[in-house]
There are 2 protein chains.
Amino acid sequence: MDIQSIKHGIGAGNSRALAKAISLVEDGAEEADELLASLDASRIDSSAVIGITGAPGAGKSTLTDKLVAVCRERGKKVGVIAIDPSSPISGGAIHGDRIRMMQHALDTEVVVRSMATRGRLGGLCAAAGAAARIMASAGCDPIIIETVGVGQSEMDIIRIADVTALVSAPGLGDDIQALKAGLLEVADLMVVNKADKPGAEMLAMELNEIARAKGRQVMMTVAAQGTGVPELFDAMREIFESKRSSGERDAQRTECRNMEVVDWGLEMLRPYLYAQSQKQDLETGGDPRIRAKRIVDSLLACGKDR
Amino acid sequence: MDIQSIKHGIGAGNSRALAKAISLVEDGAEEADELLASLDASRIDSSAVIGITGAPGAGKSTLTDKLVAVCRERGKKVGVIAIDPSSPISGGAIHGDRIRMMQHALDTEVVVRSMATRGRLGGLCAAAGAAARIMASAGCDPIIIETVGVGQSEMDIIRIADVTALVSAPGLGDDIQALKAGLLEVADLMVVNKADKPGAEMLAMELNEIARAKGRQVMMTVAAQGTGVPELFDAMREIFESKRSSGERDAQRTECRNMEVVDWGLEMLRPYLYAQSQKQDLETGGDPRIRAKRIVDSLLACGKDR
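Note that the coordinates shown come from a computational prediction; the quantities given were computed from them, not determined experimentally.

### Describing the overall build of chain A
Point 1. For chain A, the count of helices and strands is 13 helices and 7 strands.
Point 2. In chain A, buried positions account for 57% of the 306 residues.
Point 3. Considering only residue pairs separated by 6 or more positions, chain A has 76% of its internal contacts joining residues 24 or more positions apart.
Point 4. In the form shown here, chain A has an accessible surface area of approximately 11,800 Å², with 54% of it arising from carbon and sulfur atoms.

Below, the structure written as structure tokens:
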């Protein structure tokens, strides 16, 4: 499939072209730039990027599935980017992700992309951002980014998403800790999933206290039964629209893209730094930090001339 | 505390000087380089850096505690670097780590340092490597690096450690997946902790199959009671010595330090890239990846001249 047909395929919403395009960008192929330059800016502007995050066991995958189902009922084409915590070595998809992919395998209006963190968190963030733009250009709206666990991938994705829901559930002590730790600062709303389980009311009360202070809302869902999921989707869509009209979303996207530039740039510089460090190791040696400084200083010396 | 007294303090094994020194490096202070240049190369060479890794719930913290106790019984000064998965925002220490720190709070021969991943995995890896060298210069041997969960921080730390034990326990299904996923490729030995729990024998058998193929050994521990921990320590020490005499460890450290140079370099380049991306955003715009390429190309154009 050549670059031209990929470009046209994306415009036509062809899932295969879309998958190829994302791979090209992930692999840093030469054609990637031509492809990214050809994306549909107005579709990118209008489509909502939704982030689903929270601790393992909160039911994020199930909730994402049900959000997809809601979107499909409403005739929307949906993109799903599942951030995969699998071992950097294996690069394989996690079980939950495989299940989801099977579930929607026959629906060409649901595009699922799984991305292994592979440790390139920066790179991951950048790759996910590009994938979201490609999906949007292909007519996906919303694009749902599902992350795993508490950590940096979560923060990166919250950065990419226009609206982020922080999913919690009763019986996850650590989760509360993480919530208090400050994820609330960045999440747009909180979801108490498994709301039919004991402790859900307690959790909701706890969260409501924090949420009120931050002007956030807490919603209850039972993802397994789909209960509360349409309401959740509407709430997120509403937040998206108000952020969009207020200009908050644009400011957010601008900042996020600047960060993406940094992420891509760091990925692109890595091979150069490694080559330099190997050369240097033979020549000079010394503490790694001092060696790094030598390389960086000489690079920035000319960077400054520009 | 000025840089001179910090340098002397490290040589004298003063914990306060040691803590200051690590902070200076973590914060990228100006004096950091002078300090790192003054470290004791022979102590760094002789002290073993031990990595303890594995899935959450395997009992890594308890095992680390007991390894520390074994080292203390043998009159060794121990350094512990606990990689802290706390939210990038909070930066706070995890509960288990706090407990450990309390436990050894009065023992000046146990230096515990907790490092929040803060998402700077690359930077974390570099900072942990530098911290290990500072601890070694202060007479710590071994230095135990404890990581959390399966993921990149784990891979980074395995890279820094001379000998890495992959800790597992019965009833952690995901863990086995991770093991099979390839962590075995990099771990030097496997530990079945909670060996008194049902399923431990099964797990040990499963692991033995994999281990035999890779020429790795599987050891059983009940960290909570300290059972098998002295044997584990001896085994790790033995692996360290044989790697050292075979030169494998030196090759490993050289490679690891080249990677560290890359990590430090990327950290140092981040602010420059961010500043450039902000400038650029106002001037030109375009897809982040294309913008990043423009910045990097112009940087490397002069990098090549060197």
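### Considerations on the domain arrangement of chain A
Point 1. Here chain A is partitioned into domain 1 (1-38), domain 2 (41-245) and domain 3 (256-305).
Point 2. Taking the mean C-alpha position of each, domain 1 of chain A and domain 3 of chain A sit 30 Å from one another.

### Details of helix α1 (residues 3-11) of chain A
Working note: α-helix, 3.6 residues per turn, so residues spaced by three or four point in the same direction.
Residues and elements named next belong to chain A.
Point 1. Residues of α1 that are buried include every one of I3, I6, G9 and I10, and no others. The arc that holds every buried residue of α1, seen down its axis, measures 120°, which confines them to one face.
Point 2. G13 sits one or two residues past α1 and shows a positive phi near 75°.

### Concerning the environment of G54 of chain B
Point 1. Along the chain, the position of G54 of chain B falls in strand β1 (residues 49-54).
Point 2. Taking the C-alpha atoms as reference points, G54 of chain B and V191 of chain B, separated by 137 residues in sequence, lie 9.3 Å from one another.

### Observations concerning unusual backbone geometry
All names here are of chain A.
Point 1. Of the consecutive residues D141 and P142, the connecting peptide bond is found in the cis state with omega at 10°.
Point 2. Looking at where P142 falls in the secondary structure, it is placed in the loop between α7 (121-137) and β4 (143-146).
Point 3. Even without glycine at this site, K194 takes up a positive phi of about 55°.

### Comments concerning the pairing of β4 of chain A
Residues and elements named next belong to chain A.
Point 1. Burial along β4 is two-sided: the face carrying I143 and I145 and the face carrying I144 and E146 are both buried.
Point 2. Across 4 bridges, the pairing between strand β1 (residues 49-54) and β4 is parallel. Note that in β4 the partner of G51 across the bridge is I145.

### Description of the packing of aromatic side chains
Point 1. Using the criterion set out here, one finds 0 aromatic pairs over all chains in the structure.
Point 2. Sitting over the face of the ring of W264 of chain B, R289 of chain A holds its NZ or CZ atom 5.3 Å from the ring centroid.

### Points about the packing of helix α5 (residues 60-73) of chain A against helix α11 (residues 229-246) of chain A
Residues and elements named next belong to chain A.
Point 1. Taken N-terminus to C-terminus, the directions of α5 and α11 make an angle of 80°; their axes are 9 Å apart at the nearest point. Considered as vectors, α5 and α11 are oriented roughly perpendicular to each other. Of the residues in α11, those touching α5 at L63, K66, L67, V70 and C71 are V229, P230, L232 and F233.
Point 2. Within the contact of α5 with α11, the residues separate by chemical class into 8 nonpolar, no polar and 1 charged.

Cut-offs used in this document
- Residues numbered from 1 in each chain as written.
- Chains lettered and ligands numbered in written order.
- Predicted model: local features only at pLDDT ≥ 70, side-chain atom pairs only at ≥ 80, totals over all residues.
- Heavy atoms only, no water.
- Helix = DSSP H or I, 4+ residues; strand = E, 2+ residues; numbered from the N terminus.
- Buried < 20%, exposed > 50% of the residue type's maximum accessible area, 1.4 Å probe, protein only.
- Contact = heavy atoms within 4.5 Å.
- Areas by Shrake-Rupley, 256 points an atom, 1.4 Å probe, with all protein chains shown as cover.
- Domains from an automatic or database assignment.
- Arc of directions from axis to C-beta.
- Pairing = 2+ DSSP bridges.
- Phe/Tyr/Trp six-rings, centres within 6.5 Å; stacked < 30°, edge-to-face > 60°.
- Lys NZ or Arg CZ within 6 Å of the ring centre and 35° of its normal.
- Axes fitted to C-alpha atoms, helices over the stretch in contact; angles between N-to-C directions.
- Parallel < 35°, antiparallel > 145°, perpendicular 65-115°, else oblique.
- Nonpolar A, V, L, I, M, F, W, Y, C, P; charged D, E, K, R; others polar.

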